[in-house]
Amino acid sequence: MKRFAILIILLFALPVKAQLSQELKKKTFIYKDSLQLDYYSLSQGFKTERPLLVLMHGGGFASDNHDRQQEVDFCRQMASHGYAVASINYRLTRKNDPFSCDCGTDEKMKSFVMGSEDLAAATTFLIGRDELTFDRRKIVLVGSSAGAETVLHNAFMKDHYLFRHIPEIPVAGLISFSGAMVNSAYITAKNVVPVLLIHGKKDLLVPTGTAPHHYCSEDSPGYLMLDGPETLLHKMKDLNTSYIYAFDPEGGHEIADEAFLETTWVKKFVDQVITDGEFMQLTIQLP
């Protein structure tokens, strides 16, 4: 991709890839600097009021990409149900550096902030493309691992001083695969939205309840408390907001990848909670 960097910049904001098949098409856009996103859509037969799913990949802000096979398969599957789907790249702030206990808390927060900036830029770009047909009131942010942490911070940490400069985007719901956020106290009646949370009970990187990120010791540079899905559910209940919490009692952080296969629960959440407005508070154990 590097050898085409100059060409890509010249083609900023123009689609550079086209149809995958007669039924499903993909367009690749440059939405900011050299950052790409892939937009998946049925070529015909979809409703113009369909929701948009915006996906952020994982990788600890150090690796991975928006077009890994599992992301591609997930996007194609979701688009085949009639949704518009975008999978985005974002700045890898920890490339070649750790994102664990050796990474200082300031650097961790910087990664959350910069990821949120890119998410806002990508979503704003998509909203502004008049030729892309989706319901601007039904945007669902989806993230895996670091991507899940980003979507949670983007939606729920707007009043935190580090995030106030980020342009607000309309969000109808969130889907988190093995994600958590710094402080659930920032979830309020003003910013709360329905959530689908998929997590492994034995995740040793991102806590299920409230615990340090990567379970770092208090004297380590990367000691940062996070609120995982079971803590977030207390806020959902207090604020009388819909949620689905799907957990694997034996699962670890690999659930961040395996959750891409849980398309039935994603579809249930998008169709019933986001599209139809059904109130739902459901906790289920994954087989």
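Scroll up a little and you will see the structure.
Bear in mind that the values here come from a model prediction, so they are computed numbers and not experimental data.

Conventions used here
- Residues numbered from 1 in each chain as written.
- Predicted model: local features only at pLDDT ≥ 70, side-chain atom pairs only at ≥ 80, totals over all residues.
- Heavy atoms only, no water.
- Helix = DSSP H or I, 4+ residues; strand = E, 2+ residues; numbered from the N terminus.
- Rg over C-alpha atoms; globule rule 2.2 N^0.38 Å.
- Buried < 20%, exposed > 50% of the residue type's maximum accessible area, 1.4 Å probe, protein only.
- Areas by Shrake-Rupley, 256 points an atom, 1.4 Å probe, with all protein chains shown as cover.
- Lys, Arg positive; Asp, Glu negative; His and termini not counted.
- Charge placed at Lys NZ, Arg CZ, Asp CG, Glu CD.
- Pairing = 2+ DSSP bridges.
- Axes fitted to C-alpha atoms, helices over the stretch in contact; angles between N-to-C directions.
- Contact = heavy atoms within 4.5 Å.
- Salt bridge = Lys/Arg side-chain N within 4 Å of Asp/Glu carboxyl O.

**Student:** Lay out the overall build of the protein in plain terms, naming residues and giving numbers.
**Tutor:** On a plain count of helices and strands, the protein comes out with 7 helices and 11 strands. The C-alpha atoms of the protein give a radius of gyration of 18 Å, which matches the 19 Å a tight globule of 287 residues would have. With respect to the principal axes defined by its C-alpha atoms, the protein has extents near 50 × 45 × 35 Å. Buried positions account for 54% of the 287 residues belonging to the protein. Just so you have it, the protein exposes about 12500 Å², and 52% of that area is on carbon and sulfur atoms. Looking at the protein, you have 29 positive and 35 negative side-chain charges, and the mean spots of the two groups are 7 Å apart.

**Student:** Go over the sheet that holds strand S4 (residues 84-88), please, and point to the residues and values.
**Tutor:** Spatial strand order, S1-S2-S4-S3-S5-S6-S7-S10-S11: 9 strands in an open sheet with mixed pairing. Strand pairing shows two members of the sheet lacking a second neighbour, strand S1 (24-32) and strand S11 (281-285), which therefore form its edges. For this sheet, the mean inter-axis angle between neighbouring strands, taken without regard to orientation, is 15 degrees. Sheet analysis places strand S2 (residues 35-42) next to S4, joined by 4 bridges and oriented antiparallel. Bridge pairing in S4 links Leu37 to Ile88. Where helix H3 (residues 105-128) meets the sheet, its contacts fall on S1, S2, strand S3 (52-56), S4 and strand S5 (139-144), and the angle it forms with S1 comes to roughly 120 degrees.

**Student:** Any chance you could break down the environment of Ile198 for me, citing the residues and the numbers?
**Tutor:** If you trace the backbone, Ile198 turns up in strand S7 (residues 195-200). Taking the relative accessible area as the measure of exposure, Ile198 reaches 1% and is therefore buried. Spatially, the C-alpha atom of Ile198 lies 24 Å from that of Asp38, the residues being 160 residues apart in sequence. Filtering out sequence-adjacent residues up to four positions away, Ile198 remains in contact with Ser176, Phe177, Ser178, Ala246, Ile255, Ala259, Glu262 and Leu286.

**Student:** Run through the pattern of salt bridges, naming residues and quoting values.
**Tutor:** Evaluated as defined, the whole model comprises 15 salt bridges. We note a salt bridge from Asp118 to Arg91, for which the minimum N-O separation is 3.0 Å. Of this pair, Asp118 sits in helix H3 while Arg91 sits in the loop between S4 and H3; the two residues are 27 residues apart in sequence, bridging distant segments of the chain. Across the salt bridge formed by Arg129 and Glu131, the nearest N and O atoms sit 2.8 Å from each other. Residue Arg129 is classed as buried on the basis of its relative accessible area, which comes to 17%.

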